[in-house]
Amino acid sequence: MVLSKKPLHFFIAALVAFLPLVSSANPEVDSTKVAAGTSHAIETAHEESDEPKDVKTEIKEFIDHHLKDSYDFNIFGYKDEAGKQHHVGFPLPVILVDNGLQVFSSSKFHNDNEVAEVNGVFYKLHHGKIYKVDIADGEITMDEHHHATNAKPLDFSITKNVFMIFVVALIMFLLFKGLAKSYAKNGGIAKGAGRLFEPIVLYIRDDIAIPNIGEKHYKKYMSYLLTIFFFVWFLNIFGLTPLGINVTGNIAVTACLALLTFLITTFTAKKDYWGHIFWMPGVPVPMKIILAPIELLGIFIKPFALMIRLYANIVAGHIVLMSLIGLMFVFKNWIGSSLSFLLSFAISLIEILVALLQAYIFTMLSALYFGSAVEEHHHEEAHH
Amino acid sequence: MEIPKIVGAGLVVIGAGIGIGRIGGSAMDAIARQPEATGKIQTAMLIAAALIEGIGFAALFAV
């Protein structure tokens, strides 16, 4: 053991000492109300005018809101003495393509109807989607399946998720640009943050790229593999911070990442890759005909599984973690709440592991697919 | 009817659990036999587990 026992003891003692503070966490209902409405300013204002809901419904709504994308970046919310909900955060730009470009701040939605007027056109925010309405207090018309029938403008808004993608992209750019410079200055020796990232980069090269893709071709895929690894890892880690970000738990984001892997695999594939899909060597002809459609389907299933795996892992992790935190407010007693605190603490630690593991698996499987695309088969092997 | 759907998803999750459990167990055996191959075994184990996990999640989202 590298850890000496003293700090460990201190840590455990501190944990036990702080336990009652957290477990008694304000057993009144309104402490959960504060938690329940962070992601949507106006909607909670609407909801509070209705009957007061029980804690379980509120927690469920809070989790649902967290999993969705939003047009505002809310950092936290609280309730003042008068019972009015306050939100701390900032609005993000809304960009719509609707008779030309319409750019406005999402703070325009912050009124009772959630309707923004831009250049004489009214837009209404309804369940996280923007619809066109005719008048300022316009209502959304519904068909019998409860789908809105209003026109929907093309939406290119910088939402919370897009904003966080930009932030992570900027962090990665500055970080690795800085590292590249410091290597040049120090004659190829890692310094500062490079000491943390160099082993990871080397690991991806030596244990993911080279064994799966092969010495000959791995170099051209390294940039993509490193980018995808750090991008997914950083976003997963950001998702565990209290900022309430859920980017890799958004299926559109993971779909785009999987699509990139699919495109790179398809367009860098060599002759042998297609040969193994459409006319599998070394098997009888009837078998070749049966295998071709299965292999063809496999091309699409692989990136699809990549998309679902990352999305589902992150969403499941967030739901479990937030439900456990929510249990503290459901139990409202010392034993139950401290238990769920301990449990959520343990799950948080597991989630940190999962954040790394999912980034690793995404990179690993991408490398595996690239490897199969550029592999050169020696056809005498097929006759063994 | 809602019950069969949920039961089906549950069965898939049980299957995925057994599958991942077997992979983990076999990997443990393999590591015990050949500790020097730990790295390679772990990599293969994670990939196989991830593939099965995908099926499990697909079942959960079908509900």
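What counts as what
Residues numbered from 1 in each chain as written. Chains lettered and ligands numbered in written order. Predicted model: local features only at pLDDT ≥ 70, side-chain atom pairs only at ≥ 80, totals over all residues. UniProt positions renumbered as here; feature names shortened; annotations may be inferred. Helix = DSSP H or I, 4+ residues; strand = E, 2+ residues; numbered from the N terminus. Rg over C-alpha atoms; globule rule 2.2 N^0.38 Å. Buried ≥ 20, exposed ≤ 12 C-beta atoms within 10 Å, placed from the backbone. Contact = placed C-beta atoms within 7 Å. Pairing = 2+ DSSP bridges. pLDDT = per-residue confidence, 0-100. Nonpolar A, V, L, I, M, F, W, Y, C, P; charged D, E, K, R; others polar. Axes fitted to C-alpha atoms, helices over the stretch in contact; angles between N-to-C directions.

- For chain B, the name recorded in an unreviewed UniProt entry is ATP synthase subunit c, with Flavobacterium psychrotolerans as its organism.
- Of chain B, the UniProt comment under Sequence similarities (unreviewed entry) reads exactly: "Belongs to the ATPase C chain family."

## Some details on the overall build of chain B
Moving on, step 1. Helix and strand counts for chain B stand at two helices and zero strands.
Moving on, step 2. Scaling as 2.2 N^0.38, a compact globule of 63 residues should have a C-alpha radius of gyration of about 11 Å, whereas chain B reaches 15 Å, well beyond that.
Moving on, step 3. Principal axes of the C-alpha set define a box for chain B whose edges measure 55 × 15 × 5 Å.
Moving on, step 4. When the 63 residues of chain B are sorted by exposure, 10% land in the buried category.

## A short note on the overall build of chain A
Moving on, step 1. A count of helical and extended segments in chain A gives 11 helices and eight strands.
Moving on, step 2. Burial analysis of chain A (384 residues in total) assigns 28% to the buried set.
Moving on, step 3. Considering only intrachain contacts with a sequence separation of at least 6, the fraction spanning at least 24 residues in chain A is 61%.

## Remarks on the environment of valine 232 of chain A
Residue and element names in this part refer to chain A.
Moving on, step 1. The topology assignment puts valine 232 in helix H7 (residues 219–240).
Moving on, step 2. Between the alpha carbons of valine 232 and leucine 310 there is a distance of 9.0 Å; along the sequence they are 78 residues apart.
Moving on, step 3. Residues in contact with valine 232, not counting those within four places in the same chain, are Thr248, Leu310, Gln358, Ala359 and Phe362.

## Comments concerning the sheet that holds strand E8 (residues 154–155) of chain A
Residues and elements named next belong to chain A.
Moving on, step 1. Taking strand neighbours across the sheet as the criterion, the three strands line up as E4-E3-E8 in an open arrangement whose pairing is antiparallel. With one partner strand each, in any of the chains shown, strand E4 (101–105) and E8 form the two edges of the open sheet.
Moving on, step 2. Across five bridges, the pairing between strand E3 (residues 93–97) and E4 is antiparallel. Following the sheet pairing, valine 97 is matched in E4 by leucine 101.

## What about unusual backbone geometry?
All names here are of chain A.
Moving on, step 1. Even without a glycine there, the phi angle at lysine 332 is positive, about 55°.
Moving on, step 2. Within the element layout of this structure, lysine 332 appears in the loop between helix H10 (285–331) and helix H11 (334–374).
Moving on, step 3. Of the residues examined, lysine 332 has 18 C-beta atoms within 10 Å and is grouped as partly exposed.

## So, the UniProt feature "domain: V-ATPase proteolipid subunit C-like" (unreviewed entry) in chain B
Moving on, step 1. Within this structure's numbering, the places UniProt gives as "domain: V-ATPase proteolipid subunit C-like" (unreviewed entry) are residues 8–60 of chain B.
Moving on, step 2. The span residues 8–60 of chain B is 92% helix and 0% strand, and its two end C-alpha atoms sit 9 Å from each other.

## Focus on the confidence of the model for chain B
Moving on, step 1. Across chain B, pLDDT averages 85, with 92% of residues at or above 70.
Moving on, step 2. Both scores are given for the predicted complex: the pTM is 0.78, the ipTM 0.70.

## Topic: the UniProt feature "transmembrane region" (unreviewed entry) in chain B
Moving on, step 1. When the UniProt feature table is mapped onto this chain numbering, "transmembrane region" (unreviewed entry) sits at residues 6–23 and 44–62 of chain B.
Moving on, step 2. Note that residues 6–23 of chain B is 100% helix and 0% strand, and that its end C-alpha atoms are spaced 26 Å apart.

## Comments concerning the interface of chain B and chain A
Moving on, step 1. Between chain B and chain A, the contact holds eight residues from the first and six residues from the second.
Moving on, step 2. For the side of chain B that touches chain A, the per-class residue count stands at six nonpolar, one polar and one charged.

## Observations regarding the sheet that holds strand E6 (residues 121–126) of chain A
Residue and element names in this part refer to chain A.
Moving on, step 1. Taken together, the three strands give an open sheet; going across it, the order is E5-E6-E7, and neighbouring strands pair in antiparallel fashion. Pairing within the sheet leaves two strands with one partner each, and these edge strands are strand E5 (115–118) and strand E7 (129–133). Shown here is a sheet whose adjacent strand axes are inclined to one another by a mean of 30°, direction ignored.
Moving on, step 2. Where E5 lies against E6, four bridges are found, and the strand directions are antiparallel. Bridge assignment links valine 115 to a residue of E6, and that residue is lysine 124.

## Some remarks on the pairing of E3 of chain A
Residue and element names in this part refer to chain A.
Moving on, step 1. The alternating pattern of E3 places Val94 and Leu96 on a buried face, while none of Pro93, Ile95 and Val97, on the opposite face, is buried.
Moving on, step 2. Between E3 and E4, which follow one another and run antiparallel, lie three residues, and asparagine 99 among them has a positive phi close to 55°.
Moving on, step 3. When E3 meets E8, the two strands line up antiparallel, connected through two bridges. When the bridges of E8 are listed, leucine 96 appears paired with aspartate 155.

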